[in-house]
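# Descriptive structure summary
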4 protein chains.
Amino acid sequence: MSGSTFGERFKMTTFGESHGEAVGVIIEGVTPDIELNEEYIQIQMDRRKPGQSSVTTSRKEYDRIRILSGVFEGRTTGTPLSIILNNTDMRPSAYDDIKFMFRPGHADFSYVKKYGFRDYRGSGRASGRETAARVAAGAVARKLLERRGVSVVSYTTEIGGIRCTTFDPDAIERNPVRACDLAAADKMIERIEKLAAEGDSCGGIVECRISGIAAGLGEPVFDKLDAELAKAMLSIGAIKGIEFGAGFRAASMLGSEHNDQMDEMGFRTNHAGGILGGISTGADIVFRVVVKPTSSISIPQQTIDMDGNERNITTVGRHDPCICPRIVPVIEAMACMVIEDHYKRQAALLY
Amino acid sequence: MSGSTFGERFKMTTFGESHGEAVGVIIEGVTPDIELNEEYIQIQMDRRKPGQSSVTTSRKEYDRIRILSGVFEGRTTGTPLSIILNNTDMRPSAYDDIKFMFRPGHADFSYVKKYGFRDYRGSGRASGRETAARVAAGAVARKLLERRGVSVVSYTTEIGGIRCTTFDPDAIERNPVRACDLAAADKMIERIEKLAAEGDSCGGIVECRISGIAAGLGEPVFDKLDAELAKAMLSIGAIKGIEFGAGFRAASMLGSEHNDQMDEMGFRTNHAGGILGGISTGADIVFRVVVKPTSSISIPQQTIDMDGNERNITTVGRHDPCICPRIVPVIEAMACMVIEDHYKRQAALLY
Amino acid sequence: MSGSTFGERFKMTTFGESHGEAVGVIIEGVTPDIELNEEYIQIQMDRRKPGQSSVTTSRKEYDRIRILSGVFEGRTTGTPLSIILNNTDMRPSAYDDIKFMFRPGHADFSYVKKYGFRDYRGSGRASGRETAARVAAGAVARKLLERRGVSVVSYTTEIGGIRCTTFDPDAIERNPVRACDLAAADKMIERIEKLAAEGDSCGGIVECRISGIAAGLGEPVFDKLDAELAKAMLSIGAIKGIEFGAGFRAASMLGSEHNDQMDEMGFRTNHAGGILGGISTGADIVFRVVVKPTSSISIPQQTIDMDGNERNITTVGRHDPCICPRIVPVIEAMACMVIEDHYKRQAALLY
Amino acid sequence: MSGSTFGERFKMTTFGESHGEAVGVIIEGVTPDIELNEEYIQIQMDRRKPGQSSVTTSRKEYDRIRILSGVFEGRTTGTPLSIILNNTDMRPSAYDDIKFMFRPGHADFSYVKKYGFRDYRGSGRASGRETAARVAAGAVARKLLERRGVSVVSYTTEIGGIRCTTFDPDAIERNPVRACDLAAADKMIERIEKLAAEGDSCGGIVECRISGIAAGLGEPVFDKLDAELAKAMLSIGAIKGIEFGAGFRAASMLGSEHNDQMDEMGFRTNHAGGILGGISTGADIVFRVVVKPTSSISIPQQTIDMDGNERNITTVGRHDPCICPRIVPVIEAMACMVIEDHYKRQAALLY
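Predicted model, so just to flag it, every value in this text is computed and none were measured.

Before going further, it helps to spend a moment on the overall build of chain A. What chain A contains, in helices and strands, is seven helices and 18 strands. Compactness check: chain A gives a C-alpha radius of gyration of 21 Å against a globular reference of 20 Å for 351 residues, within 12% of the reference. Viewed in the frame of its principal axes, chain A has a C-alpha envelope of about 65 × 50 × 40 Å. A buried classification covers 70% of the 351 residues belonging to chain A. Considering only contacts in chain A between residues 6 or more positions apart, those separated by 24 or more positions represent 70%. Surface summary for chain A: the accessible area is close to 10500 Å², and the carbon and sulfur share equals 50%.

Written out as structure tokens, the structure is:
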């Protein structure tokens, strides 16, 4: 595969580029006869779309999805479900000045090395625009997981060095940075706006919590549930690391501390993050990812052009100074697909 | 797949259990007519084998590999290469006391939930023993990578809270914890021996560096090179997190700091860890993984048995108080396979 | 996979239903920087489209394809190439009378058993309409094969009991049944028109010849080149059998007759059909497929409805009395994809 | 993959070569907690083994299988089940005279073109010996299918031009050619013995019937059940064609004849061979394959050597003059695996 397909029994294939005509996704393995409509999917699209607040890009993509196949009279048919989004507000001209320069932090250089070819209209397949298709597919997975009583929630825990100190689930969708702490959210917004004014950007950390999941999901050895979730998350452009449960803190813990002991009520702690030996234990699956600072900044930087000459570059255009708020629904979408896929794999194993 | 297969064009399928008759691996996609013998593979096996020093388990597995197919007159045939290792020194009886109890930190509970079945002889497919087959396959990948001028080196950077403060490549194989700093190594050994005496264990951090790699490897979107490496590493039982380049530090960095600017000499920094947009840049690929403390400790812990009754458990038997030294060759093996696989995928794309 | 993806290194995923809004295909693994435009693909679409002659359905699908991604400035980018065709001239109402009856020879019954669900608008994913997407993808594969000097040609050799007695390559595209013998073609047309007038249909045989192919393509054991071609052909709805080289005649041949002996000029005969041990020999690959009579006929037939009651059914609507002429480009498309995929797999193996 | 893996949810990977130390198979996706022992598998091995009668090779392979993993206390564990068979009675020296010549009808030439390499000990991966591993895996699939009430039976219907005229299921295992007609069997044996005396060989036709199968198995579009069965059968070295139901006769049938009409009792006929639109209908699945004459004959033939010089070749050694009797259990094994795999895929879809 050229990498555009994800999943085994619940499977998506995405297509489209940031400045092409449309992006879309084909979803295979959808359970038939499930109620599904465009509005349900649109709710998730709207959480990812740009221009939601002062801290996101002002670029307008009217992310209105259309279902082209796989749904009949409001119910899934079990055959491939295809969803398309037309791209709008394309301004390739905005890239004229930098079309032959490699933008620092972007995939321009590595793509040219891979394909021997420069599609200078934005970032092609490496564009965050591609994640819109993932969110659409994730919404379908979420619909299937609802029947299983599984919930998947992500939220910002750190931005630009400011950390959440409380966890308030109700706060998450009530602040533009999707932080789990309203007080911290205010400081984060202030920080982002200051950096945006300076033409700079910042990174952060997003946590994801999967609740209500059955024990026994995941495959031994290579397709462990945490291995699959790690691949899913690192496949999101801006994410540079992931940790489960106690994560990197485990490096300085003792076995007698890290082991989750059990009693009649179940696990007393959850340092393992809900996964042992790659298989879910039924406890909440908890992981954190690090989101790098947005690469597109308007501060002048040093780079080279396609002829290898040193050049100064300033990325104009409209970009998110911090991608955390909009990456939250993408993380949830990928997590939903991994979990739904493994429910189906387990059904096949036991049948 | 039930998760025992890894890779696309360079592909391995492992089999066997910790206390069964043998473990082994089938490797597909090996370039034909390459010189290869058992001794070359055995070198890597000996780096993973137990009983290497005072800080590893005293359990004796005489990890002598045998090539059953795929090599003829000292050269690869291009057909599946199969390697087998007989298990020796099996002591299932050592598990009699705990055969119906769930060992904290182990996969016993999640496996029973998955399979509705308890194979109480050690950890079955979840056993570290399975990684011996990976190391054998990784040695074959390493042989192919040598022709491409790629080197893959891993080393311990932290154990039990003690960190390396220097990087001395020559030190790595000259100390039993495979640390990149001999002074730190002495403290680590001391720490491990103290914990072992107390019946406890500790975790650590291992770094991996891939040098001489071509730019342009990796697939856009889902099969990004960092996503594939993340899956490969999280598929190793004791590993609970991974970060590339600046990793989690990126959460508190600015775009103007994190972006790797370029000049005529190439990248001035490597915060990206050698990967942009999921594609290699040609710079060294650098990542770190966190290794959890060994779950098997002889300090009494609280758990439940298969009937749900609370029980006290003490894991006797011979275990590594810290798995870092022996996980180093496993990390290298997995990294070698991912890189070799992507060299082959790129060849297919461009052909 | 829910079966909508085909291929490994040259890979397509199709979507869409006969009476939905559109059908389309995503193609992965396309070699970058190859000249490609919509007109080139349209040529193949026009060979498959209905309404070409008196012997094909009068249904009008304006099969105008559009490339949504993967081509930039007239050259392939190497990223997923997506192609869409809008459906037009949809008349679901034409199906009102039979919406709850199972049409003999159609997939209505088996689909209901599979999905527990009836999409009565035509045949959904089982519709011949889906093959339009295959032909578009096949045209891309054909473009890549041209660079390798490979040609793929199919033609009708038998329809309704009338057989071609000569092989005239120039005749194929000069008669509406795409027969390789103009005299036989006239009789075939006569036969088809007579059956059409009676409301009946007929089957036939189509042969495919792949020339200029390299020796050494195909994988041993399960992914033999003939095994992959067989799967590709049987995945076309109306095809019920395939034979290579001497095919079923081999049942009554001796080893001394069937073996293709060699001399300095190469193989003296080609009973093997260009494949030995599943690997191409460099000789022409030759296979024949049997095409069943079109299931949709206007002669009354006995069937049951969804409640199990016996009913009489008469399929109105516009259908091909013999599908051979329009299946020829579909067979070529599938063959092109299999061969291109194996060129890429071989490149990966040897690299 | 280098083609040694087959299946999705019930999946096997085989290894080993005709004259190597051993052959074997790893089976993934086996339902856990099913009773299974070596004796059950051995029954099928013994049906395939050579030296069963005067019409099979006198070569002795003591096909005693051993289960290395995946079974514990007589029940499947759900983890990979690995089975190994040691090769015995290897006589590579028998190949000395022809080690640099291409045997007509064999894969020698195409393998050298693929791998640039000659493993002259028998046929390597192309050897019929590899099918022993398939039969072992097929026995495991058969065990799972028994729980579902599915039976898979194959039998010879034609050898050397002699056809069965009756169908007697009880006859099949009571005659050495596994024909479904004892009278025809006697003539077939006579024919084979005569040809063997002349140093020649002959082909035949084998039919397979799958009964008790659920309706709704198979995937639309590319992974149709007939497409998967066709690939499975063509992956067996000596098989050169396959047809379902009416098969090639459909070329001269009318739609009104070929369509299987339905009444309250179900399908009145089975020209479709139990599959419509690639999905099982619940009727018996019936297909026939053509088996080519054994390539190894002792009549002198013309060939070339690796330097391209014309040579005469006479294949000494012990070979089956007709492979039909021993290919029957291989066909059943492959069919069992395809059907079991699709039961599991369907379970995943509907879950």
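Don't stop here, the text continues.
Another aspect to go through is the interface of chain D and chain B. Counting from both sides, the interface comprises 41 residues of chain D and, opposite them, 42 residues of chain B. Across the interface of chain D and chain B, roughly 3500 Å² is buried in total on both sides, 59% from carbon and sulfur atoms. Linking chain D with chain B are two salt bridges, by the criterion used here. The tally of links from chain D across to chain B stands at 10 residue pairs in polar contact (both at pLDDT 80 or more). Of all the secondary-structure elements, those providing two or more residues to the side of chain D that touches chain B are strand S2 (11–16), strand S3 (22–28), strand S4 (65–69), strand S6 (75–76) and strand S7 (81–86) of chain D. For the side of chain D that touches chain B, the element with the highest residue contribution is S2 of chain D, accounting for five residues. The class makeup of the residues in the side of chain D that touches chain B is 12 nonpolar, 15 polar and 14 charged.

The tally for this structure, following the rule as stated, stands at 120 salt bridges over all chains. Arg142 of chain A is the salt-bridge partner of Glu332 of chain A, the closest N and O atoms lying 2.7 Å from each other. Of this pair, Glu332 of chain A sits in helix H7 (residues 324–350) while Arg142 of chain A sits in helix H3 (residues 131–146), and the two are 190 residues apart along the sequence. Pair check on accessibility: Glu332 of chain A and Arg142 of chain A agree, each one buried. A salt bridge links Glu207 of chain D to Arg288 of chain D; the nearest nitrogen and oxygen atoms lie 2.9 Å apart.

Right, let's talk about the relation of the copies chain B and chain A for a bit. For the pair chain B and chain A, the superposition axis carries a translation of 0.0 Å, the fit reaches an RMSD of 0.0 Å, and the rotation angle comes to 180°. Here the two chains are linked by the operation of a two-fold rotation axis. Taking C-alpha positions as reference, the residue of chain B nearest the rotation axis is Lys231 of chain B, located at 2.5 Å. Taken as a fraction of all interface residues of chain B, those also at the interface in chain A reach 100%, which identifies the copy contact as same-surface.

Moving on: the relation of the copies chain D and chain B. Taken as rigid bodies, chain D and chain B are interconverted by a rotation of 180° and an axial shift of 0.0 Å, the fit giving an RMSD of 0.0 Å. Interface overlap between copies is the fraction of interface residues in one copy that are interface residues in the other; for chain D against chain B it reaches 100%, indicating a shared surface.

UniProt marks Arg125, Ala126, Ser127, Gly277, Lys292, Pro293, Thr294, Ser295, Ser296 and Arg318 of chain A with the feature "binding site: FMN" (unreviewed entry), using the numbering shown here. Among the secondary structure elements, Thr294 of chain A is positioned in the loop between strand S16 (285–291) and strand S17 (301–304). Every residue in contact with Thr294 of chain A, bar those within four places of it in the chain, is listed here: Ser201, Cys202, Asp320, Pro321, Cys322 and Ile323 of chain A together with Gly255 of chain B. Contact partners of Ser296 of chain A, with chain neighbours within four places excluded, come to His106, Thr315 and His319 of chain A. Polar side-chain contacts of Ser296 of chain A include one of 2.7 Å to the side chain of His106 of chain A.

Turning our eyes to something else, we now look at the sheet that holds strand S9 (residues 162–163) of chain A. Here 10 strands make up an open sheet; going across it, the order is S9(A)-S8(A)-S10(A)-S16(A)-S11(A)-S11(B)-S16(B)-S10(B)-S8(B)-S9(B) and the pairing antiparallel. Looking along the sheet, the strands with just one partner apiece sit at the ends: S9 of chain A together with strand S9 (162–163) of chain B. Relative to strand S16 (residues 285–291) of chain B, strand S11 (residues 239–244) of chain B runs antiparallel, the two sharing five bridges. Paired with Phe244 of chain B across the two strands is Phe287 of chain B, which belongs to S16 of chain B.

Conventions adopted
- Residues numbered from 1 in each chain as written.
- Chains lettered and ligands numbered in written order.
- Predicted model: local features only at pLDDT ≥ 70, side-chain atom pairs only at ≥ 80, totals over all residues.
- Heavy atoms only, no water.
- Helix = DSSP H or I, 4+ residues; strand = E, 2+ residues; numbered from the N terminus.
- Rg over C-alpha atoms; globule rule 2.2 N^0.38 Å.
- Buried < 20%, exposed > 50% of the residue type's maximum accessible area, 1.4 Å probe, protein only.
- Contact = heavy atoms within 4.5 Å.
- Areas by Shrake-Rupley, 256 points an atom, 1.4 Å probe, with all protein chains shown as cover.
- Buried area = accessible area lost by both parts, 1.4 Å probe.
- Salt bridge = Lys/Arg side-chain N within 4 Å of Asp/Glu carboxyl O.
- Polar contact = N/O pair within 3.5 Å; in protein donor to acceptor, adjacent residues only side chain to side chain.
- Nonpolar A, V, L, I, M, F, W, Y, C, P; charged D, E, K, R; others polar.
- Least-squares fit on C-alpha atoms with pLDDT ≥ 70 in both.
- UniProt positions renumbered as here; feature names shortened; annotations may be inferred.
- Pairing = 2+ DSSP bridges.

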